[in-house]
Amino acid sequence: MARERYMKTLFMVCASLSFLAILLIFLFIFKESLPAFTNIGISNLFSASWNPDKGQYGMIAFLVGTILTTLGGLLLGAPLGIGTAVFLDQVAPPKVANVIRRGVELLAGIPSVVIGWFGLIILVPFIASITGSAGYGIAAASVVLAVMVLPTITALSAETLRSLPIELKEASVAMGATRWQTIRKILLPAGKEGILVAVILGMGRAIGETMAVQMVVGNSSQLTFSLFQPTGTLTSNLVTNMGEAVGDFRAALFAQALVLLILAMILILTIRFITRKKEA
Amino acid sequence: MEGNGNGYKMRVNNLNMYYGDFMALDDISLDFASCCITALIGPSGCGKSTLVRCLNRMNDLIDGSRVEGEITLDDENVLGTGYDVISLRRRVGMVFQRPNPFPKSIYDNVAYGPRLVGKVEKEKLDFIVEDSLKRAALWDEVKKILDRSGQSLSGGQQQRLCIARVIAVQPEVILFDEPCSAIDPISTQKIEDLMAELKKNFTMVIVTHNMQQAARVSDYTAFMLVEEQGQPGRIVEFGDTNTMFTNPSDSRTENYITGRFG
Amino acid sequence: MDARKTDRIATVGFWAIGIVALGILAFIVIEIFIRGFMTAINPSFFAGKPEALKEGGGIGPMIVSTLYLTFLTMLIALPVSIGAAIYMSEFAHEGRFTRFIRFCLDSLGTVPSIVFALFGMTLFLFYLDWRTCLLAGAITMALLNLPVLLRSAEEALRLVPQTYREASMSLGASRWTTVKKVVLPTAWPGIITGTILPLGRIMGESAVVIFTVGVFVRSIPISPFDPAAPLAGYIWYVQSEAIVPDYRSIVNGGAAVLLILLFAINFGTRWLSKYYSKRKSLGG
């Protein structure tokens, strides 16, 4: 019947919009960044000096900033997230687990500007007081990122643990293993694939996180490995400068956006690779 | 009620068991003779598995479960506060209805138990693994593939692997919760033969809904029943297997055994 | 026994972790509320007009912007994602095409929101030559949330027992009729509760709105083509420009208002899903 085919096509178009969207995003970002590659050149784009007034558009400082803050955020957030997941799934009594689960859900809903503001008015002064620095920088950004990735990692890890067959735990407990032995030797190894995916998705969030990082990282273009010096990330730089940028400057920023996009795609492909069905 | 001269390894005295407000077991009293096989039979849902899971306190894992009464191992009450549950489970091992090997190698599956206590030298561990697999009648089939995953074996082999895993811990009692219900008949036969051998060293309790199996394998049998839906499980009759099957005292036992219900 | 001691230590450790996780939330919420709650509930603040240079500004138009934007986004996003979910769940066979679409959705879901923001800016402001407006933001946000919405809708559809579809089709109904008259009505409560989830995300999103909708307006936006200033973006703008003397209290108040809105949605969703599952069990 015509009606049937019409509706089916309509819905198929809806589904195909996802393809259209991702295609357009790539096309637009790529097109806008093209002048950067032609006019500015790869060696300039990937240098360590960022001085738009002098025509230097090196993004290495920001790339390093992104990498370091992401690593910092994961270093703090992943153990906490996985640990919380284990706590919720294996240790906490049901009522406590419920409260904490809701708490983590609420945490996930807090907008990044609010977390960034919190970082700005509480975390940064705190860091400043104990290190004597201005307080901005990779350390502050890492803490903020850890808070933002915590719910993601916790939720996905908890789901992984929950989906493990109960027989595994029973077999271990019936042999006289302590709870920690069962968690460490049986449950965590059995869930390692799902937990790894959780951490990688957390990594994706951290790389792409913009506002909260921008508010505490210092927004300087200085390449630094110090934890307490103002620096920048790819995302923070985009927010700070895109408003007024024109011409080559703007193209250079789009080139940074392109790098972000490519990083995101790498993560997706990594996850796909990890979770591909193993041949029996 | 005599054992085989060595007395009773475990005894259950007036056990009540509850899931929250629901009473699952009512006034269970039972003795398990040393180095003998005691079978628990009865229709589905009569509480056999629940009872057996009380013996190694696996029901502790279930929220809201509660017991009253006494269960003794070598005359010590395992339900007492302060009783070391971990060591209980090492002395009273369990083989589950569905084989549940870990996603580890065959070797690591069997070595799991011994490793829980602490570091064991490789030679000793190798010996334990080989000995346990032999006693579970699995060694010849897997001796060349100890590195392969335990989950890659067939159902019957997996169950024997689980038995080997329990043996490696050197328990005193082994509980079998319907061990053959998910296994093919040939493997079932192997496991039943195996049990006859294991009897020499272990006290065994086997839950089964297969009466013929109970008659073949066990020395003593307990028949359990739930009178009607919502009622707790109770022991109807308990005694020497031969007597139970040829001349039961309770008519309900007779009805069940002759197949009139269940 | 050594293993037992380790187990006790581990238990303490896990409790500490759980408490820390909860503590982080509590800490943030309490600090924001301490600083901003009184401002937030002051009518001259949440209903008042903003000030560009002086102190005493309010966030009235910002709240309206946020609500309006959310409404528009859902208006666009819901039909599209439900339609796509219907296709994936009811019409398509699992094969190359569906796997490809899922890959696109996964990819879409990993794209950072700032990249979405730049995409929206490029498409609407450069190519279509619009100015920053609600519609540009709504369409961008709709794309941003497409993966989440589609997954929720699909899950709700999958929960409908297969036997319903079989019964309907065996009576001679076409697939679309089955979907329209049997599957959708059954799945509807699940779809609703699942799609409320991104509401919070949309309200809290700042990167996209800064680049596509606007960061400051004096009056309440009326048409979708009007510029607007959703609260999340406005907060960021105020703290980054720091022009008005009372910017701190404005940001604190704005943050508190955002939190109040989001918590209201969170609890509302829970209540809603409880209500629907009660209706189901009573045969509603």
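Just above, that's the structure.
Not measured: the values here are computed from a predicted model.

J.: Before we move on, could you go through the overall build of chain A and cite the residues and values that matter?
T.: Scanning chain A for helices and strands turns up twelve helices and two strands. For chain A, the α and β elements follow one another from N to C terminus as α-α-β-β-α-α-α-α-α-α-α-α-α-α. Its C-alpha atoms give chain A principal-axis dimensions of roughly 70 × 70 × 35 Å. Burial analysis of chain A (280 residues in total) assigns 54% to the buried set.

J.: Residue-level account of the overall build of chain B, with values.
T.: Helix and strand content of chain B: ten helices and ten strands. Relative to the compact-globule value of 18 Å for 262 residues, chain B shows a C-alpha radius of gyration of 18 Å, a close match. Principal axes of the C-alpha set define a box for chain B whose edges measure 55 × 45 × 35 Å. Across the 262 residues of chain B, 44% fall into the buried class.

J.: Before we move on, could you go through the interface of chain A and chain B and cite the residues and values that matter?
T.: The interface is formed by 14 residues belonging to chain A together with 19 residues belonging to chain B. Of all the elements in the fold, those that place two or more residues in the side of chain A that touches chain B are α7 (166–174) and α8 (179–190) of chain A. Considering every element that reaches the side of chain A that touches chain B, the biggest residue donor is α7(A), with six residues. Tallied by class, the residues present in the side of chain A that touches chain B amount to nine nonpolar, three polar and two charged.

J.: Any chance you could break down α8(A) for me, citing the residues and the numbers?
T.: Every buried residue of α8(A) is listed here: A:W180, A:Q181, A:T182, A:I183, A:I186 and A:L187. Summarising the contacts, the buried residues of α8(A) are in contact with α3 (60–91), α6 (138–162) and α7 of chain A, α3 (106–117) of chain B together with α1 (2–40) of chain C.

J.: How would you sum up the pairing of strand β3 (residues 37–41) of chain B? Please name residues and give values.
T.: Counting buried positions along β3(B) gives five out of five residues, so the element sits mostly inside the fold. Residues B:I37, B:A39 and B:I41 line one face of β3(B) and the alternating positions B:T38 and B:L40 line the opposite face, and both faces are buried.

J.: Which residues make up the interface of chain A and chain C, and what values go with them?
T.: Think of interface size as the accessible area that goes away when the parts come together; that is how it is often given. Counting residues at the interface gives 63 residues for chain A and 60 residues for chain C. Element by element, the count of residues in the side of chain A that touches chain C is highest for helix α1 (residues 2–40) of chain A, at 18 residues. Grouping the constituent residues of the side of chain A that touches chain C by class yields 46 nonpolar, twelve polar and five charged.

J.: Any details on unusual backbone geometry? Residues and values, ideally.
T.: All names here are of chain B. For N14, which is not glycine, the phi dihedral falls at a positive 50°. Looking at the secondary structure, you find N14 in strand β1 (residues 8–19). For N14, a count of 11 C-beta atoms within 10 Å puts it in the exposed group. Residue D27 is not a glycine yet carries a positive backbone phi of 50°. Its location among the elements puts D27 in strand β2 (residues 22–33). Given 14 C-beta atoms within a 10 Å radius, D27 is considered partly exposed.

J.: Any details on the nonpolar core? Residues and values, ideally.
T.: Ranked by size, the top nonpolar core spans 260 residues in total, and within it A:A140, A:V144 and C:V115 carry the most contacts. The greatest single-element share of this core, amounting to 17 residues, is contributed by α6(A). The contacts of A:A140, once residues within four sequence positions are left out, are A:G119, A:L123, A:V124, A:I127, A:G135, A:V216 and A:V217.

J.: Run through helix α8 (residues 175–195) of chain C, naming residues and quoting values.
T.: The end-to-end C-alpha separation of α8(C) is 24 Å, well short of the 30 Å expected for 21 residues at 1.5 Å each. Of all the bends in α8(C), the greatest reaches close to 50° and is centred on C:W188; the proline C:P189 follows between one and four positions later. Of all the residues in α8(C), the buried ones are C:W176, C:V179, C:V183, C:A187, C:G190, C:I191, C:G194 and C:T195. Packing partners of the buried residues in α8(C) comprise α1 of chain A together with α3 (60–91), α6 (134–158), α7 (162–170) and α9 (197–204) of chain C.

J.: How would you sum up the packing of α3(C) against α9(C)? Please name residues and give values.
T.: Residues and elements named next belong to chain C. In the contact formed by α3 and α9, the axes pass within 9 Å of each other and the chain directions differ by 130°. Judged by the inter-axis angle, α3 sits oblique to α9. Remark: the crossing between α3 and α9 carries right-handed chirality. Taking contact as the criterion, the partners of T66, T70 and T73 in α3 are, on α9, L199, I202 and M203. In terms of residue class, the contact of α3 with α9 is built from three nonpolar, three polar and no charged.

J.: Any details on the environment of A:L74? Residues and values, ideally.
T.: Residues and elements named next belong to chain A. Within the secondary structure, L74 sits in helix α3. On the neighbour-count criterion, L74 (21 C-beta atoms within 10 Å) is buried. As a C-alpha pair, L74 and L45 span 29 residues in sequence and 27 Å in three-dimensional space. Apart from the residues within four sequence positions on either side, L74 is in contact with V149, V199, G202, M203 and A206.

J.: Quick one: what's the story with the packing of α7(A) against α8(A), residue by residue and with numbers?
T.: Helix-helix packing: each pair is described by the crossing angle between the helix axes and the interaxial distance. Residue and element names in this part refer to chain A. Interhelical geometry of α7 versus α8 gives an angle of 160° and a closest axis separation of 10 Å. Our classification of the angle between α7 and α8 gives roughly antiparallel. Judged by the twist between their axes, the crossing of α7 over α8 is right-handed. Facing L168, K169, S172 and V173 of α7, the residues of α8 in contact are T182, I186, L187 and A190. Residue composition of the contact of α7 with α8, by class: five nonpolar, two polar and one charged.

J.: Tell me about the pairing of strand β8 (residues 203–207) of chain B, residues and numbers included.
T.: Residue and element names in this part refer to chain B. Burial analysis of β8 places five of its five residues in the buried class, which makes it a mostly covered element. The side-chain alternation of β8 yields two buried faces, one formed by T203, V205 and V207 and the other by M204 and I206. As judged from the five bridges shared by strand β7 (residues 173–177) and β8, these two strands associate in the parallel manner. Looking at the pairing, V173 lines up with T203 of β8. Crossover handedness for the path β7 to helix α7 (residues 185–198) to β8: right-handed.

J.: Just give me the short version of the environment of B:I257, but keep the residues and values in it.
T.: Along the chain, the position of B:I257 falls in helix α10 (residues 251–257). Apart from residues no more than four positions distant in its own chain, B:I257 is found in contact with B:M211, B:F245 and B:P248.

What counts and what doesn't
- Residues numbered from 1 in each chain as written.
- Chains lettered and ligands numbered in written order.
- Predicted model: local features only at pLDDT ≥ 70, side-chain atom pairs only at ≥ 80, totals over all residues.
- Helix = DSSP H or I, 4+ residues; strand = E, 2+ residues; numbered from the N terminus.
- Buried ≥ 20, exposed ≤ 12 C-beta atoms within 10 Å, placed from the backbone.
- Rg over C-alpha atoms; globule rule 2.2 N^0.38 Å.
- Contact = placed C-beta atoms within 7 Å.
- Nonpolar A, V, L, I, M, F, W, Y, C, P; charged D, E, K, R; others polar.
- Core = buried A, V, L, I, M, F, W, Y, C linked by C-beta atoms within 7 Å.
- Expected span 1.5 Å × (residues − 1).
- Bend = angle between axes of the 7 residues up to and from the residue.
- Axes fitted to C-alpha atoms, helices over the stretch in contact; angles between N-to-C directions.
- Parallel < 35°, antiparallel > 145°, perpendicular 65-115°, else oblique.
- Left-handed = near helix turned anticlockwise from the far one by under 90°.
- Pairing = 2+ DSSP bridges.
- Right-handed = clockwise from strand over helix to strand, strands pointing away.

The values reported here are purely geometric and, on their own, carry no functional implication.
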